[in-house]
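Notes for the structure review
Spelled out from the first residue to the last, the chains are:
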Amino acid sequence: MQQNVSMEQLISLCKRRGFIFPGSEIYGGLANAWDFGPLGVALKNNIKRSWWQTFVEERDDIYGLDAALLMNRKVWQASGHESTFSDPLVECKNCHARVRADILLAEAELNKKGGVATLILPADPETQKELLMNEKIKCPSCDIVDWSSPKQFNLMLKTFLGPAEEEANMVYFRPETAQAIFVDFKQIVDTYAPKLPFGIAQIGKAFRNEITPGNFIFRTREFEQMEIEYFIKDSEKWNEHFEIWLKEMNGWMASIGIDMQKVHNLDVPKEELAHYSKRTVDVEFEFPFGRKELFGLAYRGDFDLQSHQKGSGQKLEYFDEETKERMVPHVIEPSMGVERMMLAILASAFREDPLEATPSEASEQEKRIWLDLPMRMAPYKAAVFPLLSNKPELVEKAQEVRKVLQGSWPGFFPVVFDKSGNIGKRYRRQDEIGTPYCFTVDFQTLEDDTITVRDRDTMKQERIAIAHARAFLEEKMKAR
Ligand code: ATP
């Protein structure tokens, strides 16, 4: 069942239920910084765990990595980030708002033509300015058309190591996790002697001094990435690997609850490709604010390893035992942001039942808002309620049931206990955070050790024995 959701609805739910809070709020906030509350952490961890399990633990050909965030500055010089990792920044001469010229032009093109923006940004800043002026593109802050010439603005954030704030101690916060994979390629090859094709995967924080962050957690200056570099032989058919990766990523996205009808592949036009890339696909999602990049898949040739080979003076090669050939492998890179994936999951899962379809479980009639999350993604797999909160025997029994349902490591399920408000209100609260099952301990439980279980999606209830409750959840976990 597909439903459209607005950003206001999502942001309000995230704040109300403790998924995401504005950062530094008691000090007036910090623009575009977001804190992940208890349920946000849980959802984020579930996304990362599922990705790691699927692409690292269940496979023999991908190696995990967790490299230091701060790296030698030479890494970013060799990779080209220090000289070219930048966006074209223009300033409105009237109100001094600073915006990205490429985004302004792409949005203007979209407004004119609809569909997908395919505008290729001219390289020359004066031509970019001319285009902005000729197209009469207004400043989003003051509506005036008066632009400066665009300047390239480097997106890497800097800091200093040690007490002296001088150039020699300057380091960058990494703007992507991928470069550490290339830098540690030799360590993996020397330690594990993997056979091509093989990959290295990493999840971690990245920082970009974005000119125009926004759209909630879609574009922030601090975010997390999940990246794989998949190394192949130059002689192998890269396009076959590319198609496999596109399929693998789509399969994984469907398994974590992304509405695949809202996912579209945009082949980046040849003229816009980086010089080393033969193909890049921007996988886009229909977010409530428009169709935007969810993740990217790129064939990067041997550009990165060659660059670091040159930069470090070390051989970053692979030796093929069979053919006795030495080579610098080529690479295919699926690169995605955790927060963007989380936003796409929330947008895919949001449901609002019309009032007439909402049964009066709650004392007053109100619309039912719920998250249709796959059980694997749900922050809690179940909730347990004592029917009445002022009956100690029910409360005690419900706590016992909670322990049974939770189980223990490594098969632990997070299960929440809730005794506040009436049962109808508790159902609504759990619906809003996507808890698939609610178990209630009532007076009959004390007599025959059975409990009711209510299904989030159908709202149907059945009675089962406590002795079967954990197996019930395990079965459901396999199916959903
Ligand atoms: P965009 O065009 O949206 O700025 P990009 O093409 O620069 O993205 P990549 O460098 O390919 O992005 O980064 C890979 C992925 O990392 C993106 O597809 C996205 O999921 C995530 N990502 C990149 N920048 C940000 C950001 N500022 N905030 C949140 N996620 C981001």
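Up top you'll find the structure we're talking about.
The structure reproduced in this document is the subject of the present report. Since this is a predicted model, take the numbers as computed values, not measurements.

1. What about the side chain of Thr 450?
Looking at the secondary structure, you find Thr 450 in strand β22 (residues 450-455). Classification of Thr 450 as buried rests on a relative accessible area of 15%. Residues contacting Thr 450, with those up to four places away along its chain left out, are Gln 444, Thr 445, Arg 463, Ile 464, Ala 465 and Ile 466.

2. What about the sheet that holds strand β16 (residues 330-337)?
Pairing is mixed across the open sheet formed by 7 strands, whose spatial order is β3-β9-β10-β16-β13-β12-β11. Looking along the sheet, the strands with just one partner apiece sit at the ends: β3 (62-65) and β11 (263-267). Averaged over all adjacent pairs, the angle separating strand axes in this sheet is 25°, with direction ignored. Taken together, the 6 bridges between strand β10 (residues 222-232) and β16 define a ladder with antiparallel strand orientation. Paired with Glu 227 across the strands is Ser 335, a residue of β16.

3. As for the sheet that holds strand β19 (residues 382-386)
The 5 strands are arranged β20-β19-β21-β22-β23 in an open sheet whose pairing can be described as mixed. Single-partner strands in this sheet number two, and they are β20 (415-417) and β23 (461-465). Pairwise comparison of adjacent strand axes, ignoring direction, gives a mean angle of 25° for this sheet. Pairing between strand β21 (residues 437-441) and β22: 4 bridges, direction antiparallel. Residue pairing across strands places Thr 440 opposite Thr 452, the latter belonging to β22. The strands that helix α15 (residues 466-479) touches are β19, β21, β22 and β23; relative to β23, the one it contacts most, it runs at about 120°.

4. Considerations on the pairing of β10
Counted residue by residue, β10 has 10 buried out of 11 residues, so it is predominantly covered. Bridge count for strand β9 (residues 198-207) against β10 is 10 bridges, and the pairing is antiparallel. The residue of β10 that forms the bridge with Gly 204 is Gln 225.

5. Comments concerning unusual backbone geometry
Cis geometry is adopted by the peptide bond preceding Pro 197, which originates at Leu 196 and carries an omega value of 0°. Among the structural elements, Pro 197 can be located in the loop between α8 (185-192) and β9. Here the amide bond leading from Trp 409 into Pro 410 is cis, since omega sits at 10°, within 30 degrees of zero. By the element assignment, Pro 410 lies in the loop between α12 (392-406) and β20. Positive phi outside glycine occurs at Asn 32, with the angle close to 60°. Summarising the element assignment, Asn 32 is placed in the loop between β1 (20-22) and β2 (34-36). Of note, Ala 193 is a non-glycine position whose phi angle comes to about 45°, a positive value. Checked against the element boundaries, Ala 193 lands in the loop between α8 and β9. When its relative accessible area of 51% is taken as the criterion, Ala 193 is described as exposed.

6. A look at the environment of Pro 354
The residue Pro 354 is located in the loop between β17 (350-353) and β18 (368-371) in this model. Judged by relative accessible area, Pro 354 falls into the partly exposed class, the value being 42%. For Pro 354 and Ala 206, which are 148 residues apart along the polypeptide, the C-alpha to C-alpha distance reads 41 Å.

7. Re the site of the ligand
Around the ligand, the surrounding shell holds 15 residues, and the nearest of these are Glu 210, Arg 219, Thr 220, Glu 293 and Leu 294. Interatomic distance of 3.4 Å between a backbone N/O atom of Phe 218 and a nitrogen atom of the ligand. Contact between the ligand and Gln 225: an oxygen atom at 3.2 Å from a side-chain N or O atom of the residue. For the shell around the ligand, the secondary structure elements donating two or more residues are β10, β13 (290-301) and β16. With 4 residues, the single largest contributor to the shell around the ligand is β13. Across the shell around the ligand, the residue classes break down as 5 nonpolar, 5 polar and 5 charged.

8. A short note on helix α9 (residues 238-255)
Along its 18 residues, α9 runs 26 Å from first to last C-alpha, staying within 8% of the 26 Å computed at 1.5 Å per residue. Residues Trp 238, His 241, Phe 242, Trp 245, Leu 246, Met 249, Trp 252 and Met 253 constitute the buried set of α9. Within α9, the buried residues cover an arc of 140° as seen down the axis, which keeps them to one side. Phi for Gly 257, located one or two positions after α9, is positive at around 100°.

What counts, and at which threshold
Residues numbered from 1 in each chain as written. Predicted model: local features only at pLDDT ≥ 70, side-chain atom pairs only at ≥ 80, totals over all residues. Heavy atoms only, no water. Helix = DSSP H or I, 4+ residues; strand = E, 2+ residues; numbered from the N terminus. Buried < 20%, exposed > 50% of the residue type's maximum accessible area, 1.4 Å probe, protein only. Contact = heavy atoms within 4.5 Å. Pairing = 2+ DSSP bridges. Axes fitted to C-alpha atoms, helices over the stretch in contact; angles between N-to-C directions. Near = heavy atom within 4 Å. Polar contact = N/O pair within 3.5 Å; in protein donor to acceptor, adjacent residues only side chain to side chain. Nonpolar A, V, L, I, M, F, W, Y, C, P; charged D, E, K, R; others polar. Expected span 1.5 Å × (residues − 1). Arc of directions from axis to C-beta.

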